[in-house]
Structure formats: structure tokens, C-alpha cells
There are 4 protein chains.
Amino acid sequence: MSKVKRIGVLTGGGDCPGLNAVLRALVKTAAYGHGISVVGFLDGFSGLIRDRTLRLEPDRVSGILPRGGTILGSSNKDNPFRVPAVTDGVKGFEDRSDDAMRVFAAYGLDLLVVVGGDGSLTIAHQLAGKGMPILGIPKTIDNDLAATDLTFGFDTALTTATEALDKLHTTAASHHRVQVLEVMGRYAGWIALQAGLAGGGDVILIPEIPFTIDSVVEAVKERAFRGRTFTLIVIAEGARAQGGERFVSRVVEDSTDSVRLGGAGYWLSAELEKRLDREVRGTVLGHLQRGGSPTPFDRILATRYGVHAANCAAQGVRQVMVALKGMEITTAPLAEAVAQLRLVDPESQIVRAARAVGTRFGDE
Amino acid sequence: MSKVKRIGVLTGGGDCPGLNAVLRALVKTAAYGHGISVVGFLDGFSGLIRDRTLRLEPDRVSGILPRGGTILGSSNKDNPFRVPAVTDGVKGFEDRSDDAMRVFAAYGLDLLVVVGGDGSLTIAHQLAGKGMPILGIPKTIDNDLAATDLTFGFDTALTTATEALDKLHTTAASHHRVQVLEVMGRYAGWIALQAGLAGGGDVILIPEIPFTIDSVVEAVKERAFRGRTFTLIVIAEGARAQGGERFVSRVVEDSTDSVRLGGAGYWLSAELEKRLDREVRGTVLGHLQRGGSPTPFDRILATRYGVHAANCAAQGVRQVMVALKGMEITTAPLAEAVAQLRLVDPESQIVRAARAVGTRFGDE
Amino acid sequence: MSKVKRIGVLTGGGDCPGLNAVLRALVKTAAYGHGISVVGFLDGFSGLIRDRTLRLEPDRVSGILPRGGTILGSSNKDNPFRVPAVTDGVKGFEDRSDDAMRVFAAYGLDLLVVVGGDGSLTIAHQLAGKGMPILGIPKTIDNDLAATDLTFGFDTALTTATEALDKLHTTAASHHRVQVLEVMGRYAGWIALQAGLAGGGDVILIPEIPFTIDSVVEAVKERAFRGRTFTLIVIAEGARAQGGERFVSRVVEDSTDSVRLGGAGYWLSAELEKRLDREVRGTVLGHLQRGGSPTPFDRILATRYGVHAANCAAQGVRQVMVALKGMEITTAPLAEAVAQLRLVDPESQIVRAARAVGTRFGDE
Amino acid sequence: MSKVKRIGVLTGGGDCPGLNAVLRALVKTAAYGHGISVVGFLDGFSGLIRDRTLRLEPDRVSGILPRGGTILGSSNKDNPFRVPAVTDGVKGFEDRSDDAMRVFAAYGLDLLVVVGGDGSLTIAHQLAGKGMPILGIPKTIDNDLAATDLTFGFDTALTTATEALDKLHTTAASHHRVQVLEVMGRYAGWIALQAGLAGGGDVILIPEIPFTIDSVVEAVKERAFRGRTFTLIVIAEGARAQGGERFVSRVVEDSTDSVRLGGAGYWLSAELEKRLDREVRGTVLGHLQRGGSPTPFDRILATRYGVHAANCAAQGVRQVMVALKGMEITTAPLAEAVAQLRLVDPESQIVRAARAVGTRFGDE
């Protein structure tokens, strides 16, 4: 039986299918295997600084394995080192990390498990710097964390994006249309690349391979020349034209209304319609990619992460992130985990495979 | 054996899951049951006026039952009475309905089967007026044709919209968000209403029940007051504020780019975010609703329409549309089919059922 | 506000997707619309005679709309008029219907809502005979209740069966196999008929149309003659050969083990393999058809039933079953509801449609 | 441009989702990248010895990426070294491998690509021994090939099995049942293990960990003691009791009929029902696991295998199998590929993870 008696856990950042599977595995392994009890903090770091908790026992996590979302709630707003605050009527930020340390101590916790992406793990790393024992569990549908081969949630997002492409495929073919699908990926193009490969995307545009609009136009025309009357284009939200900026959602003031615009997808659709003089339709998948029941792959990976974190906690391992290396779950230093993003290498085997089957990346 | 020897068929208007199932059933029944051969016109009325065809035999339609789209292609551009044309450098339209009559005659056809929605069936009705024997098959994912109880494609679109709501539900709940989902329905709110009922939408906004933004804001706040930290809103693309216009996609000139904006969904998201001072996320499902493999319900309905049309063709029935009445397939005069749309009755049982379980329509 | 203050509800018989949607709609409508509170009895009539209950409030039914199963539990064992009992060491039955009446009275209930199929509604009818006010809600995946056009659960079962056929289709085609799929339907062949239509079944065998094995063999051979190297056969569990008995699961004593055999599906597979001298594969879908998240269609129908039952309860309507007639929910006398089953009419339009596209029923 | 001009390909053994994706990628890469043409042999080795072929050009493989099955057909009967034959009225086998060599030579092929599992690759290895240049592509839904980390088809089978468990879960919980699901895996328990992990199986029985029926009975009782009224059991078809034989489908002579019995699943269901005196339901997934559209993961892996095989073919690499090692596609000697199976290690991290969350393996 471990000397560790009680640990905390929170889920931070954007939603991600598999969070509940992590919590279930963590709590069950902690309880059954090590006699450790688990305190859940609500809504990410917000619950930690405001002392809002949910006691997590095996019964409470029973049945949540297949469910999307997180029973703890999440938030990507309350960075303890930079909490939005109004002082003397002026909007600003305040450092409430001492509150976090105090709450942590008040519960007599031996460790805090942070399930999060780049942002949440960076905060966790800072708390570790203040002396809080931390275990990280990587979480991002973008799959862009450098210290692990894969993150849970990605396979589910990929499946949602591929099913969308399958649907657009039949309707594009019937109507001889150019169909543009914008998927998530602000810095890394993993979802666009793999959904494009799986869904037969004719053109794939990702942040790591800046494109020219001329090349995309050319790809559509060349297909038409070969009798293919439709073209499917997958574009990551963070894709960018050569020499250009990353597209970002922006607000347009239009007489009376201000309207948030989709970025890359709508821009590309409008641009192509102008240049091609034919019907182009754009779809932005958006938050659909963050929801739904996790795929079996994600449920298993999330479960294994949760089990490993509980075991590490019991063994006194700290200041690391659990990670997948090949077929095994292992750990990586927290510092390394947040040091850099895992981007698509334009020269990698998988990109070359996509080119081999005829996919264009807009840089030809 | 019928005196009818050869019939034509075309699929017109927007894409709709089940078109291939109709073609398969029509061709098989015509061939096996009546010895009638079928000529398919490509890309809607375009193929009819330009004489572009595909011979449809049982072998060619084998295996297409579960596939989205239409092997004939479709188009919503080439109304034979109003074909886009350039005369003396001026863009305009010309009447090519005589070409349509000529091609029809040249193939020695006894009848033309038109699978289409309101637009295509109106054209078919006009061709009937010129003497062309017509059989209509109703097709619209919006389910807004008055002369039939149900159209195929609707159940598939409803399923796609409901699955989207299921996904948004988990992520909205985890992040305490207001999530807005825009679905199809320019004049009739059937998809929004039924997807909202099936997916647990808290607020449903449809063209038939004009809303006030105050009422929607109130619904979100009331939920928050009762401890429900998230709200799911389903809005039809044709929904409109009381006293206001129908939202339509519009183009905004933003310094260098012109951008097509989503209508109702994005507008509402921006408006709510402003008024509620909290995170609101909008998703526009768009063409995903027109694609994909048809549901069993749609495959069966489409098959029954195709069979019935072939039988009607053989029996010399003309100038009607096949239609579902209760559990039976029957026919309705073509004139009646295009006379009016089938809208949601705000006082109907199904709307009252939605209100009974707590759904708001923005008119309270 | 209604004079009715408190009602009970139970879910009886086999599992059926949509039960939770019924409970949610019933409880919400009762509470919000009529100020009626609802007591749930656990595990069907078992909870009624043993006084095991769950208080159902709007909060408790929140979020269960998309879930399969029933939060009340179900059972098809405890008929109050015939409860298994051991008296003086002898297994027998006892009448505990007076216990049911007593528990009903003890809770001060104005009405009992019974969600059930043929069996449960017959019991409810008997309790009505003893003076208990009853409202029935029809529930059966078999869709074989005469007094309603459709029951919830059927569309979900149909979808599961059709997806199975879609999967078997690709593998049958690749391996040139005869694939037999056994689906539910002891007396009525609705699932087999409609899944066969939707999934492109080449042969459909249902209880209402007794088949000959010779005709089935002939159908396979004829397809082979036309170059179709595979055949998909859908068989209802209650299908029967002409002049033969209904297949039922039976137990075979095989030296040491007794083994429960699937009925119709395995029998047919073995028989065809013998006669055709080629690979035949049988699959029995079984309980998969009773599980899973209900389709949008079923969620809506179940919700409408629940709402209507609550409204009827408030208005003092008793001894009826809610029912779908065309597009409206209405009521039918309970006596009528249990009087007879709704079977497939071999001469009906839908059977003739299946024949028209080339489907065989084994009676040719 | 490669010196290689023309290669052959065949798909052998049991069906597997992703075969079409392999063919598409192979043909496109061969044509676009290397100017190599591809001849497809029909129905596995059968087409090779009988000279039945399909010319595979990019147009012919267009659109097949998402489809299950194989457009080439498959067979697991015609081992060229042991073809069923009747000589002088006696059933036996003949060696027709020389026919295979002759046909291969007649088409002027530089190489034969064999997409197959253990059986087909062993045959390919033997043909290599006779001098035929071979490239293997691993294919098995069981994921039991030692020389590669993963095979395509497995993720799809896993998904089908997990969806079945999700469905059984709701109905088991509602009816307080023991539900047994038999999945594929004659020698390796990968599907049972991972589907069990993903679907929350309470007991997982696999060939690599022989079980005792007492232990399984104990697991069900212990759950009941803790208030869990249902138990989900996943059993691989090749699971076996300690000291016992592997279960295999067997034929029982029952008066007039001979009936093929499911093996492990039905046996276990009957046995448990006897010992527990409560309702146990068994479902055998069977061929559903081999069908359907491949998951995105499988489509990508299959595509990468196809691309890599074409590249290897062009570069003159022979007598190897393409394989996944970590994140990269590489090659392994054909001899190594068929040397041994990849089994579940009972002491592996993933098995221990399953035990950590409370899963029983019947050996406790």
C-alpha cells in the first residue's frame, strides 16, 4: 500500500473526447490498487483557486467510459497566475497561484494530476516550480504535443472529420462541386492531413506547408481536365498562404452587426468561387470535432493514461507527464512536454504517401 | 406487358440521400415487372435540353441502394424555360423548352419521371403543360412538400443534425457554453424542430414562429438560474426575428476580401455573446445534411416511390406525383403538389409536445 | 391545474430503445404542465408488487433522452397474477395482484402508466379489470401492436439490422458467399421485411409467408446463373417452412454439454450449405437489436407518447393506450390494443414493392 | 522511372476492411509515381492458377477507398500447392504451383504483391522459394502477425465489437442480465482484450489466459454483491478453460438436423446459466467484424501500406513484407513475417491496465 493517501485531479482547456475515460481509470486504479482517494477540482484551474470540488469515488465514475465531455467541467480561462480581475474599475489580471497552493495544501493532497494540453501543462509546470507535486496527462485533439506519440481525442476528431468528408464526397460528386471543409488545427495540421488521407481529400492545406491560391486553382482545373467534375479540399483552420498570415477568426463590422467570421475555410471558398467561376461550398466543422463518444482507440489510450498516472502517483513519481512511446505508456519530464509542439514534417513519410496517391498540398 | 416501352428519368435540384435508391427501384421494377427500358438524363434538366444521357439497366443500378448522391448527377441551374445565356455579350436567359420536347421525342419516350423538389416539379408541371407526359417523385430534405406526408432524405438529414446536437451536448455541458447549431430549412422548420426534439435542444427557432432575441436571452438566463450551465439552440437557416427579415447568406466587403457569411446561426451567436457576456459558439451544418448514406427509413421510402412510379408509368398514369399518405404510397395531381409548401403549424401537436418538455421557441 | 396529483409508471417486458425518452417526457410534462408528481416502479411489475420505487423528478430524467435501456429497470417475469413461487417445496405460481392494488393505493396514486408490449399491456388490462386506472404506452421493437401505426424502438432495431446487412454485403460480395442474417420477430416479420428492403436482402423469410427450402435454394442458384456470386438472406426468428413448425431456440444434449441453439438462422445456414455445397455463413443479431441509443425517429415518437400520456393523465382519461394514427398521437381502448397482433399482410403494398425490385420470399 | 514495368496483385484469405484502400494506393502510386501497370488476380490464388484477372488502372480504383470488401474478390481455398481435386473419383489435392508460375510469367510480371494474413503469406513465401519475386502486405483483423506492430482491419473490427458492447451494456443494465459477447480471435485475443477495455467489459476471456468457469462465476457473484446487477463478458472464439481444449465450432446431430454450433460464446452462456440460475444471453458477432467501411485509422494504414509496396516494387525490393514499426512503414523479411504469431502477453502493460480498472480474466 502506497504512502500516498489522497490526490487531486482537474481537466483543463478545450473539450476532448476521452476525458471521462481518464478520470474513470485514474479513480478506479487509485482506489482498487493503491487505496488512494481522489478529489476532483471543478472547471479546470478555476476549481483549484476557488475551492470547488467533487469527490471522485469508483461509483461516481462508473458508466462514464463511453461519454464525451468531462464530469469535472473544464475552462480555458482561469490561469492561476493570470486570473481576470477588476481593480479600481480597471480590467486586468491578478496572480492567484498562492490560492491554488493553499487549497491544494488544505485538502492534504500528495499530488495534483492535470489533464490538459499545451496551455494547462505549462501552468502545471509553473505550479511545480512553486513546489506543487504534479503529474501531467496529455490531452489535445490536435495531437500536437511533442513528448508523446499520440494523444487521446485525436482519433475521435479524425473520425468526425472523415465522416464529414464522406458525406461531402457523395454530394460534391452529384453536383460537380468544389467542397471545402475546414477542420481544427491552429498550428499543427494533423487532423487535416489524416482526415484528408482517410476521406480521399484531393487537396490538403495545413499550417506546416504554406500554399498558393494559384496552385489550388490549378489542382481543381487539372482534375476537371481529367474528367473529375468535383474536388474535395480539406483545410486546417491555421493554414496560411505563402508569405501570408495565418487565418484567424475575425470580426467584421457590417453596418449594424458585428459578425465573427470563420477563417481559412470561408476565405478559401470565396476566393476559389471568384477565380473558378463555379460553385464552391464551404463547411466549418468547428466544435463537432470536440464532442461525442470517444472511439475505441481513444477510450483505450485514455484508460491506459489514467491507470499509469495512478500507478506513478502511488510510486512517488512527480513532475512528469505520462506519454505513449510506441506501444508502451511511459513518462516524460514535464519541462520537455511543454517545450515545443509536434508539427507535421513536410518531408515525412505520411506526407509523401499522400502525395503519392495524388493529393495536392497547394505548394506544387 | 405494358404498352409503355421506354421512359426517361432525371434527378433535379439539391442533393438528397435516397436518390440512388429511387433510381434502382424504378429501373428494376420497370425492367423486371413491365419490360420497360429507362433512359437517364444527366445533371437534371441540363441533360434533357443538351441530350446527355446514361442508359439505365438493372446491372447499372445494382449496389447503389446505400449510396448517397445520384449516379445521374443533378443541377439546380438549368430550368429549360430560363437557361442562362449570353446574347450579344449581354447575360440573360433563353427559353429552351422546345429542345427539351425535341430530345424527349427523339428517344421515343412515353414518359418522363422527374425526381425533384418544389423547383424541379414546377418545371415538370410546365413541361406537362406543353404536352410532355410527366410523373413526379417528391424529393426534399426539408420535407416541405404539401402533397405528401413525408419525403425521403428528411430522415437522413434529421439524423445528421441530431448526431451533431448529441456531440455539441457533451461539449457544451463540459464547458458551460451556449451552443448554436444552424440547420437547413429556408421556409419550413421541420429539421430544426425535429432535431431539436430528438437532440434535446433547449431553444428551437424556426421560420414559422418568429422569435425575439430578448426571449432567447431570457431562456438562457432562466436555465442558468435553475443551475443548467449550458444551453443548446437549434436555429433553421430561415428563422427570423419578429418584425424582421429572413436571414440570408450575405457578402461583406472587408477591406480586401469579400466573404460570404452564414446567416441566422452566426448572427445569433454574435448577438447572444454580446448580450450575455459569455461564451457562445456557433456551428453551421450546411451541406453535411445533404450527404451520406440514407437511413433505412429513407431507403425504404425511396424504394417504394421508385416502384410505384414504375407501376404508374406502366399503367398509363400521368401528370401526377407519387406521394405517401399514411402507410400507403398513392398519387397526387402534379398541380396540387407544387401549389403550396407544407409548413410547421405553430399550434400543431408536435410543437405543443416540444413546449411541454420545456423547449422554448423564442416567442414566449 | 389538474385534480390529479400523483401517478405511477413502470416499464415492462423486453428492452427497447426509447424507454428513457418516454420517462423523461412523461415526468417533465407532468411536472411543468400539470403539477403532477411521478413515482417510478422498479423492474416492471416486480416493483409494483414488492414496493420498490424511484421518485422521478425533472432533474432525475435530465440527460437520459439519448440513452438506451430504462433507468427504472425492466423484467418480463413478474406477472402479478402469476408470480413464480415455491409452496411446500413445489415450484408453482401465486396471484399477487392484490399486493399490486395495495401498493398502488398506499402511494395515493391516481393512475398507473404502463409502458409495455403485448404481454405487459395484457396484464395492465387485467389490473384495470380490478379497478386500477391505467394508461398504456405501446412498446415493442417488433412493431406488432395492432392499435397503433408505429411503436418506438422499431426504427432503432431496423437501423441496427440494416447496418449489419450493409456489413455483411461487402464481405459476402468479396467472398462469393451466401450470408444468412437472423433478426427478431417471433410472430411478425416487420424487422426482417424492412431491413431486407433497406439493406438489399435478396431473400426475406418472415412468419407471415411460409417458405420452402427448395424455393430459397432456387433463388440462390438463379442469382449465380445471372452472375451474382453472393446472396444475402434475412430471416425472422419466427419464420417457418411451409407445413412446418415455427423455429424456436432449442436445447441439444451433446454428450456432456447442453447447448442452446439459435433457431431459424442457424438451421437455414446448415440446410443451405448441405444443399448448395458452398459456403454459407449465419449470423444471429439477437439482443444487439434491443440496445443502443434510439434513432431520432424513435426519440421523437417516444417523447410524443410520454407527453400525450401525461396530458391524458391530467385530463382524467383512463383505460386507454396512447397510439400513433397517421401524423397524430391519439388514444385507443386498452382492450383493443391487446386484442390482436399487427402482422405483415402478404398482399400489402410494401411486400409487393419488395417483390418488384426482385426480392424473393421463398414462396415462389 | 523504374525498370519495373508491370506487377500483379491478389487479396487472399478472410475478408478485412481496408483491402480496397490498399489496392487504390498501390495502383495510384505505381501509375503516377513509377509508370508501373498493375494486373489484379481474382479471388486470391485462385485467379493466379486459373488465369482470371482484372486490369487495375487509376480510374478503376477511384472511389473505392471507403468501401469494405475487395474488388478483386478473395478466397481461402485455393492454395496453389494443395488445390482440391478429384482424381479417379477420389477427393484429394493436387499441386498446381507450376500453373501459378506459368501465369505469372505469361503476364510478364516483375513482381507479385500478396495482400494476406498468415496463411496467404506462407503460400507467398513458398512461391518465393520457387523463384517468384514477392512483396507481402499484412492483412488480418486479428492483429496477430508478429512482424508488424499493427495490421489494417483490426481497428474496424475493434470498433464493431465495441459498438456491440455499448448496445449490450444498456440492455444488460436494464434487465440485470449477464451478457456474453463472442468476438473473433482464434489464437490471439487482441479484439476481445481491446474491445473489452473500450466497452467496459467486466470479464475478458482470451486464448492466452486460460480461465476457470469457477472464476467467471465468482466475478459475476462479486459484482452482484457490490450491487452491480449485470455483467458484460467478452470472450474470444479461441478462448479456453484451463486444462481444456480450444472451443471450436462443432456439428451436433440432433435427430434429423445437423447444426453448426457457435463455440465459446454459446457454451459459456449455457454453462453460466446453469451455474448462476439467472438469465444469461449470448451473442456471436461473427462476420459482422469483417465487413463495413474501414475506420479512418485503417484507411490510412492501408493506404500507407499500398504506397510503400508500390515504392518497394519500383526499387526492386523483394521477398519482404511491408510493416508498421512505431510511426513508420518499413519492411520485414517474408520468412520472419510467417514465423510466428503475435499473441497477447499476459504480463503486458495493457493486460495489467485492464486488471487495474477491475476487469477479470477468469484466472483469479
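Note that this is a predicted model, so its numbers are computed, not measured. (Residues numbered from 1 in each chain as written. Chains lettered and ligands numbered in written order. Predicted model: local features only at pLDDT ≥ 70, side-chain atom pairs only at ≥ 80, totals over all residues.)

Colleague: Summarise the overall build of chain A; cite the residues concerned and give the values.
Modeller: Within chain A, the secondary structure is distributed over 12 helices and 15 strands. Across chain A, the fraction of contacts at a sequence separation of at least 24, relative to all contacts at a separation of at least 6, is 74%. (Helix = DSSP H or I, 4+ residues; strand = E, 2+ residues; numbered from the N terminus. Contact = placed C-beta atoms within 7 Å.)

Colleague: An account of the environment of Gly196(B) is needed here, citing residue identities and associated values.
Modeller: Residues and elements named next belong to chain B. By secondary structure assignment, the location of Gly-196 is in helix α7 (residues 190-199). C-alpha of Gly-196 to C-alpha of Ala-106: the two residues are 90 residues apart in sequence and 49 Å apart in space. Not counting residues up to four positions away in its chain, the partners in contact with Gly-196 are Gly-201, Ile-204, Val-234, Ala-354 and Thr-359.

Colleague: How would you explain the interface of chain C and chain D if you had to name every residue and give the values?
Modeller: Listed by partner, the interface residues are 38 residues for chain C and 38 residues for chain D. Among the elements of the structure, α6 (154-175), β11 (250-254), β12 (257-261), α9 (264-276) and β13 (280-284) of chain C are those that each provide at least two residues to the side of chain C that touches chain D. For the side of chain C that touches chain D, the residue count by class is 11 nonpolar, 18 polar and 9 charged. (Nonpolar A, V, L, I, M, F, W, Y, C, P; charged D, E, K, R; others polar.)

Colleague: Lay out the relation of the copies chain C and chain D with the relevant residues and their values.
Modeller: Of the transformation superimposing chain C on chain D, the axial component is 0.0 Å and the angular component is 180°, with the fit at an RMSD of 0.0 Å. What we have between these two chains is a two-fold relation. Both copies share a contact surface, since 100% of the interface residues of chain C are interface residues in chain D too. (Least-squares fit on C-alpha atoms with pLDDT ≥ 70 in both.)

Colleague: An account of the arrangement of the chains is needed here, citing residue identities and associated values.
Modeller: The two units chain A and chain C never meet; even their closest C-alpha atoms stay 11 Å apart. Nowhere do chain B and chain D come into contact; their C-alpha atoms are at least 11 Å apart.

Colleague: Describe the relation of the copies chain A and chain B, listing the residues and the values that go with them.
Modeller: After a rotation of 180° and a shift along the axis of 0.0 Å, chain A superposes on chain B with an RMSD of 0.0 Å. When the interface residues of chain A are mapped onto chain B, 100% of them are again interface residues, pointing to one common binding face.

Colleague: Now, about the interface of chain A and chain B: what can you tell me, with residues and values included?
Modeller: Facing 38 residues of chain A, the contacting portion of chain B comprises 38 residues. Of all the elements in the fold, those that place two or more residues in the side of chain A that touches chain B are α6 (154-175), β11 (250-254), β12 (257-261), α9 (264-276) and β13 (280-284) of chain A. Per-class residue counts for the side of chain A that touches chain B are 11 nonpolar, 18 polar and 9 charged.

Colleague: Quick one: what's the story with helix α8 (residues 213-225) of chain B, residue by residue and with numbers?
Modeller: Residues and elements named next belong to chain B. The end-to-end C-alpha separation of α8 is 18 Å, in line with the 18 Å expected for 13 residues at 1.5 Å each. For α8, the complete set of buried residues consists of Val-216, Ala-219 and Val-220. Buried residues in α8, looked at end-on, bunch into an arc of 95°, giving them a common side. Residues Asp-214 and Phe-225 are exposed on α8 and point more than 90 degrees away from its buried face. The secondary structure elements touched by the buried residues of α8 are β8 (178-183), β9 (203-205), β10 (231-236) and α9 (264-276). Following α8 by one or two positions, Gly-227 has its phi on the positive side, about 90°. (Expected span 1.5 Å × (residues − 1). Buried ≥ 20, exposed ≤ 12 C-beta atoms within 10 Å, placed from the backbone. Arc of directions from axis to C-beta.)

Colleague: So what's going on with the pairing of strand β7 (residues 134-138) of chain D? Which residues, and what values?
Modeller: All names here are of chain D. Buried residues dominate β7, accounting for 5 of its 5 residues. Alternating positions in β7 separate into two faces, Ile-134, Gly-136 and Pro-138 on one and Leu-135 and Ile-137 on the other, with burial throughout. Pairing of strand β6 (residues 111-116) with β7, which is carried by 5 bridges, proceeds in the parallel orientation. What sits directly across from Val-115, in β7, is Ile-137. For the handedness criterion, the β-α-β arrangement of β6, helix α5 (residues 118-129) and β7 is classed as right-handed. Looking at chain direction, β7 and strand β14 (residues 320-325) are connected through 2 bridges and run parallel. (Pairing = 2+ DSSP bridges. Right-handed = clockwise from strand over helix to strand, strands pointing away.)

Colleague: Describe the sheet that holds strand β8 (residues 178-183) of chain A, naming the residues involved and giving the relevant values.
Modeller: Residues and elements named next belong to chain A. The 4 strands lie next to each other as β9-β10-β8-β13, forming an open sheet whose pairing is parallel. Taken across any chain shown, the strands that pair with only one partner, and hence form the sheet edges, are β9 (203-205) and β13. Averaged over neighbouring strand pairs, the angle between their axes works out to 15° when direction is ignored. Of the strand pairs in this sheet, β9 and strand β10 (residues 231-236) are connected by 3 bridges, and their pairing is parallel. Bridge pairing in β10 places Val-203 opposite Ile-233. Docked against the sheet, α6 engages β8, β10 and β13, running at close to 170° with respect to β8. Across the face of the sheet, helix α8 (residues 213-225) comes into contact with β8, β9 and β10 while running at roughly 160° to β10. (Axes fitted to C-alpha atoms, helices over the stretch in contact; angles between N-to-C directions.)

Colleague: Let's hear about unusual backbone geometry: which residues, and what values?
Modeller: Most peptide bonds take the trans configuration, and most residues that are not glycine carry a negative phi. Positive phi outside glycine occurs at Asp43(A), with the angle close to 55°. Relative to the assigned elements, Asp43(A) resides in the loop between β2 (37-41) and α2 (45-50). Among the residues examined, Asp43(A) registers 24 C-beta atoms within 10 Å and is labelled buried. Located in the positive-phi region is Asp51(D), a residue other than glycine, with phi close to 55°. Mapped onto the elements, Asp51(D) comes out in the loop between α2 (45-50) and β3 (53-56). Overall, Asp51(D) belongs to the partly exposed group, with 14 C-beta atoms counted inside 10 Å.

Colleague: Account for the packing of helix α8 (residues 213-225) of chain C against α9(C), naming residues and giving values.
Modeller: All names here are of chain C. Closest axis-to-axis distance for the α8/α9 pair is 11 Å, and the angle between their directions is 60°. Here α9 runs oblique to α8, going by the angle between their axes. Handedness of the crossing formed by α8 with α9: right-handed. Note on element contacts: α9 touches α8 through Glu-271, Leu-272, Arg-275 and Leu-276, opposite Ile-213, Val-216, Val-217 and Val-220. When the residues that make up the contact of α8 with α9 are grouped by side-chain class, the tally is 6 nonpolar, no polar and 2 charged. (Parallel < 35°, antiparallel > 145°, perpendicular 65-115°, else oblique. Left-handed = near helix turned anticlockwise from the far one by under 90°.)

Colleague: Before we move on, could you go through the nonpolar core and cite the residues and values that matter?
Modeller: One broad trend across soluble globular proteins is that nonpolar side chains are buried collectively. Ranked by size, the top nonpolar core spans 485 residues in total, and within it Val113(A), Val113(B), Ala313(B), Val113(C), Ala313(C), Val113(D) and Ala313(D) carry the most contacts. Sequence-distant contacts of Val113(D), that is, excluding residues within four places in its chain, are made with Ile7(D), Gly8(D), Val9(D), Leu26(D), Leu135(D), Ile137(D), Ala309(D) and Ala313(D). (Core = buried A, V, L, I, M, F, W, Y, C linked by C-beta atoms within 7 Å.)

Colleague: So what's going on with the confidence of the model for chain A? Residues and values would help.
Modeller: Overall, the predicted model of chain A reaches an average pLDDT of 92, with 94% of residues at or above 70. We note a pTM of 0.95 for the whole complex and an ipTM of 0.93 for its interfaces. (pLDDT = per-residue confidence, 0-100.)

Colleague: Provide a residue-level description of the sheet that holds strand β10 (residues 231-236) of chain D, including the pertinent values.
Modeller: All names here are of chain D. Pairing within the open sheet is parallel, and its 4 strands lie in the order β9-β10-β8-β13. Whereas interior strands pair on both sides, the edge strands pair on one side only; in this sheet they are β9 (203-205) and β13 (280-284). Across the sheet, the axes of successive neighbouring strands diverge by a mean angle of 15°, strand direction being ignored. Two strands pair when backbone bridges link them, and strand β8 (residues 178-183) and β10 are joined in this way by 6 bridges, in the parallel orientation. Within β10, the residue paired with Glu-182 across the bridge is Ile-235.

Colleague: Tell me about the domain arrangement of chain A, and name the residues and values.
Modeller: All names here are of chain A. We note that the domain assignment places domain 1 (6-152 + 294-326) and domain 2 (156-290 + 345-356) within chain A. Just the C-alpha atoms count here: the centres of domain 1 and domain 2 sit 33 Å apart. Between domain 1 and domain 2, the residue contacts involve 11 residues of the former and 11 residues of the latter. A class-by-class count of the residues in the side of domain 1 that touches domain 2 yields 4 nonpolar, 3 polar and 4 charged. (Domains from an automatic or database assignment.)

Colleague: Give me the pairing of strand β15 (residues 328-333) of chain D: which residues, what numbers.
Modeller: Residue and element names in this part refer to chain D. Pairing geometry for β14 and β15, over 6 bridges, is antiparallel. Paired with Met-321 across the two strands is Ala-332, which belongs to β15. Once β14 ends, the chain turns through 2 residues before running back antiparallel as β15, passing Gly-326 with a positive phi of about 65°.

Colleague: Pulling in residues and values, what's your account of the environment of Ile36(B)?
Modeller: For Ile36(B), the location among the structural elements is in the loop between α1 (19-34) and β2 (37-41). Along the primary structure Ile36(B) and Lys5(B) are separated by 31 residues, whereas in three dimensions their C-alpha atoms are 4.8 Å apart.

Colleague: Tell me what's going on with the environment of Val307(A), and back it up with residues and numbers.
Modeller: Residue position: Val307(A) is located in helix α10 (residues 296-315). Sequence separation between Val307(A) and Leu111(A) is 196 residues, and the spatial gap between their C-alpha atoms is 15 Å. The residues contacting Val307(A), other than those within four sequence positions of it, are Ala25(A), Thr29(A), Ala353(D), Ala356(D) and Val357(D).

Colleague: Can you break down helix α1 (residues 19-34) of chain A residue by residue, with the values?
Modeller: Residue and element names in this part refer to chain A. With 16 residues, α1 extends 22 Å from end C-alpha to end C-alpha; this agrees with the ideal 22 Å at 1.5 Å per step. Across the 16 residues that make up α1, a large majority, 13, are buried. Among the residues trailing α1, Gly-35 stands out with phi positive, at a value near 60°.

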